[in-house]
Amino acid sequence: MKRILSALSIFLLIPFCGSAQDNLLSHQLGAFKSLQKTAHGVQIKTSGNEEVQLEVYSPTIVRVRIAPSDLAESPSYAVIREASNTFNKIENNKNDITLTTDSLKIVIQKNPLRIDFYNSKGEWVDGDAPQLGVSWQGKEITSYRKLTDDEKFIGLGEKTGPLNRREQSYVNWNTDAYGYGLMQDPLYSTMPFFIGIHTNSLFGIFYDNTYKSFFNFGGSTDGKMYFFGANGGAMNYYFFSSSTVPGMLKDYTWLTGRMKMPPIWSLGYQQSRYSYMTQKQLLDVARKMREDSIPCDMMYCDIDYMRGYRVFTWNPETYSNPKALTDSLKAMGMHLATIIDPGIKIDSNGYEPYITGMVNHYFAHYPDGKPYIGSVWAGRSHFPDFTREEVRKWWGQNFKVLVDAGVTGFWNDMNEPSAWGQNIPQLIEFGEAQNTASLKKVRNIYGLEMARGTYEGTKDLLNGNRPFVLTRAAYSGIQRYSAMWTGDNNPTDEHMLLAYRLINSMGITGQAFDGVDVGGFTGNPTPELMVRWMSLGVYTPMFRSHTAKGNTSHEPWAWGENNEVLIRNSIDTRYRLLPYLYSCFYATHQTGIPVNRTLAIDYTHNDKVYDTRFENQFLFGPSILVAPVASTSNAEQVYLPEGNWYRFGSDKKYEGNSIIWAASPINNLPVFIKAGAIIPMQNVIQSTADKGDGILNLNVWYGDAPNSFTYYEDDGNTYQYEDGKYYVRDIHFNPNEKEITMDDVKGNYDSKFHNVHLVLHGFPQNTTFTVNGKSVKTEGSEVEPFINFSNTKGKISVKW
């Protein structure tokens, strides 16, 4: 009998023990138990021993954190602000709690505990799904949310797929994605911010959790709900309630930081390849640029400039005199950028980065304290623990060997982190004491913190000059430190078009300074594809041509004489547009609005911008509409939003809110200018270091509605603009008053342009003009007249 009872007890215990160990069944957030006011919001305790915190960062930003009571707060790598407001009103009712700010109403149902968000008009915009709300499966936490029939989603940064994320699902787990597919996920970076769009309203959510996270926008839920979550950590998100996408971006970049002004030379053309094997080869390419009158500001060294792929070294045989190299480039008006990977080669034979890193215990390690070893280009290597401030400082100081040689650009690669075999053990540890964390929590921010160490170190070493930092891997907030590029892409038309969806999406997650490997990294483009891609490169925040070892050369002359002419014309256009582009970066620096703007930013509720035929289109700055077109297409359907538009180059006028067939021969990318646009340009220079001719070509396209543009200049190299050494001028076009005005200059920097060449596109023929009340001679053609006047600092009024 005892044996039977013993066997029966074991039988009964087996499923109980199994479920306790696996803990795979879900449980939902407990019911309301108590409410406590805090300095900047409220804290709710639940029957499930969880805590729900809501904090007010601004009237349009509220943080929600839901976690077990024993889960400690984690510092954010992305957020640079602290809660500083509070709710206007807190109502603790029998069945619910209502919290209000000037722009937002939050209603919290008590049992089951569910949260709903309403905008300032009282319209519901987002909230928990009634059935599930916030749920756990073991350590995995998920927020299930209501989904409406009209709802669209944009965002998440560097993600493949369509502009509208509806019915798509994604994972955030930074990955070395060589030659990635058109729908492949995940890629190199994690930017967990998205915007939900209803017919007449919208909201934003930033899910600040660095664990492996996932987002499903109704792709497998019968269209009834969407959800997001992570493999660990808290349900920690910021809810944004601005009524416009630009307002969302302003709030999001206020929270996570905005980019500094980039060095102006980083906006010029950049020539790269893996690899220029010797400094002579690199200099020969640079000299050929000048001989062929092809503007260029940057050259790159890929990994072969190093001694045995050891970072922070020069190959003594092939790059024997790096200072002479950078001096020669400087004489041609060019800068040098060098690649840096995180792996530090195990080499105790005088290799200081390894020796000092080991002595000070600066490397990521196993739980027993032994440094992790992964193999990369340099062979067996250790990986710095960039989560620690002292390690970032040490890392930054190591750049002295490059800065002393004249390097001003610093290209961070392989920082997902990547090692041969890819599957780095997730128990690798970072940090110290109570801040210790495993790779599960650190992987997605490793590239961000490497870029941070690179930026902060090189900024200190450059004595007041701006470094250019470029990274492959990143997390939200990367805009504070670095530009990004979209990794190892393919030389196909489909990848070229995908690149602009990626860049446009990165722009709506705060990262405006982005680029692609023009021409594709993994193989050889056709000449036609290379020409087309270079014409699109003009309208890319970072304009760099790059390719892998063994591929066709990507230099402009490698494609034949006729194609070199077309490529030179494209690069010339880029340099003509630099005054406009630099001013657009100033707008990014001030407000977070990106340079490349998906049409969903300005035309959010227009269904046509989400049409797969037009989803690649974007505005380059506020006024230039670009329609990416395959190299094989000689005509393409283009959607022109409301308002009138002019074809760039011909000034042919089109009515807006229309679909047109636009000619797209290989030498004429479909580009359109919005009526009323104000676009400052310059005459072609070979480098941003060139003084130029001192003429600002101010182009205005006639329209029916008033428009304004903020023009910006500074020295392009230092941080003196932060101390008031800048030139800001608001320029207005007012057809009702028949006037163009240039307001008084703000700031104490002198413009490099002494004269204004005002080009008047689409204005009524035979119009006469005055400047500050004095008649001026109109020159040029009847179709495109122009007038000239001095660029004085006081107000300038042009009337007709």
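Structural data are supplied above this passage.
Residues numbered from 1 in each chain as written. Predicted model: local features only at pLDDT ≥ 70, side-chain atom pairs only at ≥ 80, totals over all residues. Heavy atoms only, no water.

A. Here's a closer look at the pattern of salt bridges. All told, the structure shown has 34 salt bridges when counted by the stated rule. The partner of Arg145 in a salt bridge is Asp128, and the shortest N-O contact between them spans 3.5 Å. Highlighted residues: Arg145 in strand β12 (residues 140–146) and Asp128 in the loop between β10 (124–127) and β11 (134–137), separated in sequence by 17 residues. Residue Asp128 is classed as buried on the basis of its relative accessible area, which comes to 3%. (Salt bridge = Lys/Arg side-chain N within 4 Å of Asp/Glu carboxyl O. Helix = DSSP H or I, 4+ residues; strand = E, 2+ residues; numbered from the N terminus. Buried < 20%, exposed > 50% of the residue type's maximum accessible area, 1.4 Å probe, protein only.)

B. Here's a closer look at the environment of Tyr226. With respect to the helices and strands, the residue Tyr226 is situated in strand β19 (residues 225–230). As for Tyr226 and Thr148, which are separated by 78 residues in sequence, their C-alpha atoms are 9.6 Å apart. Of note is the side chain of Tyr226, whose polar atom sits 2.9 Å from the side chain of Asp126. (Polar contact = N/O pair within 3.5 Å; in protein donor to acceptor, adjacent residues only side chain to side chain.)

C. Structural view of the sheet that holds strand β25 (residues 374–376). The 3 strands are arranged β24-β26-β25 in an open sheet whose pairing can be described as antiparallel. Each edge of the open sheet carries a strand with a single partner, namely β24 (344–345) and β25. Strand direction decides the pairing type here: β24 and strand β26 (residues 379–382), joined by 2 bridges, are antiparallel. When the sheet's bridge partners are listed, Ile344 is paired in β26 with His382. (Pairing = 2+ DSSP bridges.)

D. The arrangement of the nonpolar core in detail. Counting 197 residues, the largest nonpolar core has Phe206, Met299, Leu329, Tyr539, Ile624 and Leu758 as its most contacted members. Of all the elements, helix α8 (residues 439–461) adds the most residues to this core, at 8 residues. Ignoring anything within four residues of it in the chain, the contact list for Leu758 reads Leu698, Val700, Ile740, Pro785, Phe786, Ile787, Phe789 and Val798. (Core = buried A, V, L, I, M, F, W, Y, C linked by side-chain atoms within 4.5 Å. Contact = heavy atoms within 4.5 Å.)

E. Inspection of helix α10 (residues 527–537) at higher detail. Judged by how many residues are buried, α10 sits mostly within the fold: 9 of 11 residues are covered. For α10, every residue scored as buried is listed here: Leu529, Met530, Val531, Arg532, Trp533, Met534, Ser535, Leu536 and Gly537. Those residues of α10 hidden inside the fold are in contact with β21 (269–271), α9 (493–507), β33 (514–518), β34 (542–545), α11 (561–576) and β37 (624–626).

F. Focus on the pairing of strand β47 (residues 739–742). Because side chains alternate across β47, one face comprises the buried residues Glu739 and Thr741, and the other comprises Ile740 and Met742, equally buried. Hairpin connection of strand β46 (residues 727–734) to β47: 4 residues between the antiparallel strands, including Lys738 at a positive phi of 50°. Pairing analysis gives 4 bridges linking β47 to strand β53 (residues 796–799), with the strands arranged antiparallel. Within the sheet, the bridge partner assigned to Glu739 lies in β53 and is Lys799.

G. Broad picture of the packing of α11 against helix α12 (residues 578–591). Contact pair α11 / α12: the axes reach a minimum separation of 5 Å and the direction vectors enclose 55°. Relative to α12, the element α11 is oriented oblique. Contact residues: Arg574, Tyr575 and Arg576 in α11; Leu578, Pro579 and Leu581 in α12. Residue composition of the contact of α11 with α12, by class: 4 nonpolar, no polar and 2 charged. (Axes fitted to C-alpha atoms, helices over the stretch in contact; angles between N-to-C directions. Parallel < 35°, antiparallel > 145°, perpendicular 65-115°, else oblique. Nonpolar A, V, L, I, M, F, W, Y, C, P; charged D, E, K, R; others polar.)

H. View of the sheet that holds strand β48 (residues 755–761). Across the sheet, 5 strands lie side by side as β43-β44-β48-β52-β51; this open sheet has mixed pairing. Strand pairing shows two members of the sheet lacking a second neighbour, β43 (678–682) and β51 (779–780), which therefore form its edges. Note: β48 against strand β52 (residues 785–790), 5 bridges, orientation antiparallel. Across the sheet, residue Asn755 finds its bridge partner in β52, namely Ser790. Running over the sheet, α12 touches β43 and β44 (695–701) and is turned about 125° from β43.

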